[in-house]
There are 2 protein chains.
Amino acid sequence: MKARVHVMLKNGVLDPQGEAVRHALGALGFDGVQGVRQGKVIELDLADGTPEATVTEMCEKLLANTVIESYSVELV
Amino acid sequence: MKARVHVMLKNGVLDPQGEAVRHALGALGFDGVQGVRQGKVIELDLADGTPEATVTEMCEKLLANTVIESYSVELV
């Protein structure tokens, strides 16, 4: 089975990477880009029957820095 | 409107970040993690009515390195 974890910076946390992308898109002539946030996506190949709670624990312990990042887990 | 772009390394391209995460999960006692791939997710805040083709163009020109990365666009 597979799980997909999205890790994004929380709202209010400055995102310089996203800001750089926004500027670059503007410089390339793409108008109307009001904001860009960049995050991580982690695809895990897990043993069948791994409960979602285990993936949540992985996020809490390793995959996300919960002080500044939020995460969401999706079993595929 | 919002668009979400996923950028992942293509299959066959070595992913040292993902490999590092896999090792770290094993070291933390999570068994059964067979593989990990790490990619980027980019959330774009766009002017209403921006066509998906424009977002695809952004991916081709800036967001993804199409030699080694694949991308998918999702309008939210």
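Going by the structure above, here's the rest.
Criteria and thresholds
Residues numbered from 1 in each chain as written. Chains lettered and ligands numbered in written order. Predicted model: local features only at pLDDT ≥ 70, side-chain atom pairs only at ≥ 80, totals over all residues. Heavy atoms only, no water. Contact = heavy atoms within 4.5 Å. Buried area = accessible area lost by both parts, 1.4 Å probe. Polar contact = N/O pair within 3.5 Å; in protein donor to acceptor, adjacent residues only side chain to side chain. Helix = DSSP H or I, 4+ residues; strand = E, 2+ residues; numbered from the N terminus. Nonpolar A, V, L, I, M, F, W, Y, C, P; charged D, E, K, R; others polar. Pairing = 2+ DSSP bridges. Salt bridge = Lys/Arg side-chain N within 4 Å of Asp/Glu carboxyl O. Buried < 20%, exposed > 50% of the residue type's maximum accessible area, 1.4 Å probe, protein only.

Student: Teacher, can you tell me more about the interface of chain A and chain B here?
Tutor: A common way to express how large an interface is: the accessible area buried when the components associate. Facing 29 residues of chain A, the contacting portion of chain B comprises 29 residues. Together chain A and chain B conceal approximately 2500 Å² of surface at their shared face, both sides included; 69% is due to carbon and sulfur atoms. It is Phe30(A), Val41(A) and Leu62(A) that lose the most area in chain A upon contact with chain B, and together they represent 20% of the buried surface on that side. Along the contact surface separating chain A from chain B lie eleven residue pairs in polar contact (both at pLDDT 80 or more). Contributions of two or more residues to the side of chain A that touches chain B are made by strand S1 (2-9), helix H1 (16-27), strand S2 (33-46) and helix H2 (52-63) of chain A. In terms of residue count, S2(A) provides more of the side of chain A that touches chain B than any other element does, 14 residues in total. The class makeup of the residues in the side of chain A that touches chain B is 16 nonpolar, seven polar and six charged. Bridge count between S2(A) and strand S2 (residues 33-46) of chain B: 13 bridges; the pairing is antiparallel.

Student: Whenever I open this one, the environment of Thr66(B) confuses me. Can you help?
Tutor: Residues and elements named next belong to chain B. When you line up the elements, Thr66 lands in the loop between helix H2 (52-63) and strand S3 (69-75). For Thr66 and Glu43, which are 23 residues apart along the polypeptide, the C-alpha to C-alpha distance reads 19 Å. In contact with Thr66, other than residues within four places in its own chain, are Lys10, Glu60 and Tyr71.

Student: So what exactly am I meant to see when it comes to the pattern of salt bridges here?
Tutor: Side chains carrying opposite charge are able to pair once their charged atoms draw close together. All names here are of chain A. Taken as a whole and assessed by the stated rule, the structure comprises eight salt bridges over all chains. In this structure, Arg22 engages Glu19 in a salt bridge whose closest nitrogen and oxygen atoms are separated by 2.7 Å. Taken together, the residues span about one helical turn, with Arg22 and Glu19 both in helix H1 at a distance of three residues. For Arg22, a relative accessible area of 27% puts it in the partly exposed group.

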